[in-house]
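# Structural features, examined
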Amino acid sequence: MAFAQIVGWGMHVPDKVVGNDAFVKMGLDTSDEWISSRTGIHERRFVENGQPVSDLAVEAAKQALQVADAHPRDLDLVILATCTPDQIMPSTASFVQHRLGADRAGAFDLNAACAGFVYALATGAAQIESGRAKNVMVVGADELSNHLNWQDRTTCVLFGDGAGAVLLRASEEPGIMASTTGSDGSGAGLLEIRGGGTKASSNGNASANGKAVLTMNGPQIFRWATKKLSEAATQVIEESDLTVDQVDLFLPHQANLRIIDSAAKRLGLPREKVFSNVDTYGNTSAASIPIALCEAISQDRVHVGDNMILTSFGSGLSWAALALRWGTPIPSSVARWTPIRLQLETRMAGLRSAIKKRERAVRATIGERLNRDGG
Ligand code: ACO
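Computed from a prediction, not measured in an experiment: that's the story for all the values here. (Residues numbered from 1 in each chain as written. Predicted model: local features only at pLDDT ≥ 70, side-chain atom pairs only at ≥ 80, totals over all residues.)

### As for the sheet that holds strand β5 (residues 106-110)
Ordered by their spatial adjacency, five strands build an open sheet running β1-β7-β6-β4-β5, and the pairing between neighbours is mixed. The open sheet has two free edges, formed respectively by β1 (3-12) and β5, since each of these has just one partner strand. Within the sheet, the average angular offset between the axes of one strand and its neighbour, ignoring direction, is 20°. Bridge count for strand β4 (residues 77-81) against β5 is five bridges, and the pairing is parallel. Of the residues in β5, the one forming a bridge with A81 is L110. The strands touched by helix α9 (residues 288-298) are β1, β6 (135-143) and β7 (161-171); relative to β1, the strand with the most contacts, the crossing angle is about 90°. (Pairing = 2+ DSSP bridges. Helix = DSSP H or I, 4+ residues; strand = E, 2+ residues; numbered from the N terminus. Axes fitted to C-alpha atoms, helices over the stretch in contact; angles between N-to-C directions. Contact = placed C-beta atoms within 7 Å.)

### Considering helix α4 (residues 92-100)
For the α-helix, the turn length of 3.6 residues means that residues three or four positions removed from each other point alike. For α4, the buried fraction is high: eight of the nine residues fall into the buried class. For α4, the complete set of buried residues consists of T92, A93, F95, V96, Q97, H98, R99 and L100. Two residues or fewer after α4 comes G101, characterised by a positive phi angle close to 80°. (Buried ≥ 20, exposed ≤ 12 C-beta atoms within 10 Å, placed from the backbone.)

### What about the domain arrangement of the protein chain?
Here the protein chain is partitioned into domain 1 (3-325) and domain 2 (341-375). Look at where the C-alpha atoms of domain 1 and domain 2 centre, and you get two points 37 Å apart. Facing the nine residues of domain 1 at the interface are six residues of domain 2. Of all the secondary structure elements, the ones that give two or more residues to the side of domain 1 that touches domain 2 are α3 (53-68) and α4. When its residues are assigned to classes, the side of domain 1 that touches domain 2 shows three nonpolar, four polar and two charged. (Domains from an automatic or database assignment. Nonpolar A, V, L, I, M, F, W, Y, C, P; charged D, E, K, R; others polar.)

### Focus on unusual backbone geometry
Note: most residues except glycine have negative phi, and most peptide bonds are trans. Looking along the chain, the bond that leaves P174 and enters G175 is cis, with omega of 10°. Note on placement: G175 falls in the loop between β7 and β8 (176-183). In the segment running from G316 into L317, the intervening peptide bond is cis, with an omega of -10°. Structurally, L317 is set in the loop between β12 (307-314) and β13 (318-325). Unlike most non-glycine residues, S285 shows phi in positive territory, near 60°. Summarising the element assignment, S285 is placed in the loop between α8 (278-281) and α9. Note on S285: 32 C-beta atoms within 10 Å, which makes it buried.

Quick look at the structure:
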């Protein structure tokens, strides 16, 4: 059986940095002290001018291709974990596949909210392990800023926008060793964005841009998440025949530093084995784990042979965990010609797309004429 290895990685966040004080200036009854001491968050990034989530996803995926020195046409599949797609259909993954120039790849969105990236990683790995795919691009990207109620201090201070991506490739060595995914829909009402779907009901609110807003029972999610993170992590540690002592790095979903600390304590993991960057990005939903992975790599916290545990939780309620052994040497720099080659490939993909669109239009016109003449 083939294993799935992460061979490329990338992240992209919007330029706009929003500190905690910005919420106080907006007139919200909150403070930097409350937000940072209760969540660990100091700032987050928000998109501007309606930038679609596919923009962030494409940039992250391009970086992952660069790191792996891979060609977009090598991709068999693009899986995009998001709960904030560009539009209801087609899938945002199709936009990403197209803009990358990944002409041979299938593409689909996966929605497991904040747990989406680990769900997608497990799904991509299964495709590789079964022999159905060799190269799978897994992206986590979200823009929850589109769905925040700026008058609700219990939610709007928690989230940020961003994207992260990894390229999974078939390998003889592990790789991803174990994974688990779970759902408990009885808790669906604890964290939701109603509206925009086929159900008539909405929560009666809309954000400034007219979109349905997120509502959450924070304390209940908090209690559930601390328990679930450690339970799911324990399951994949056992299934990969590891002990907690053999875990080199714990990369949990970045929602709240207190949740992360409490889960690590339950697992018996020392602080130096736990990665967190919730202070700078807030909760970026499906993007949080791949962004954390990229930053852990750039901080020299990931080495060949390391055992890593990824765990996530979110709306659903849903959760996922995964154990992997890191197998890819960290390149000190990307080959100089790789970005140039990728830029050229992206331009070529754009050109191919323009030709295809034109061809489709010409065929349609000819078809119409033939029908008219025939009739
Ligand atoms: N500023 C000031 N006060 C606040 C704020 C704020 N931003 N938010 C809440 N408070 C107040 C509350 O109104 C409450 O006041 P009261 O006692 O007068 O009623 C008090 O602070 C305590 O509120 P709690 O909700 O009990 O505070 P808690 O310590 O639980 O922290 C928090 C709230 C940060 C939301 C926490 O519960 C949490 O992180 N929960 C998990 C949320 C989460 O991880 N969600 C993401 C899941 S991933 C996904 O799928 C999107």
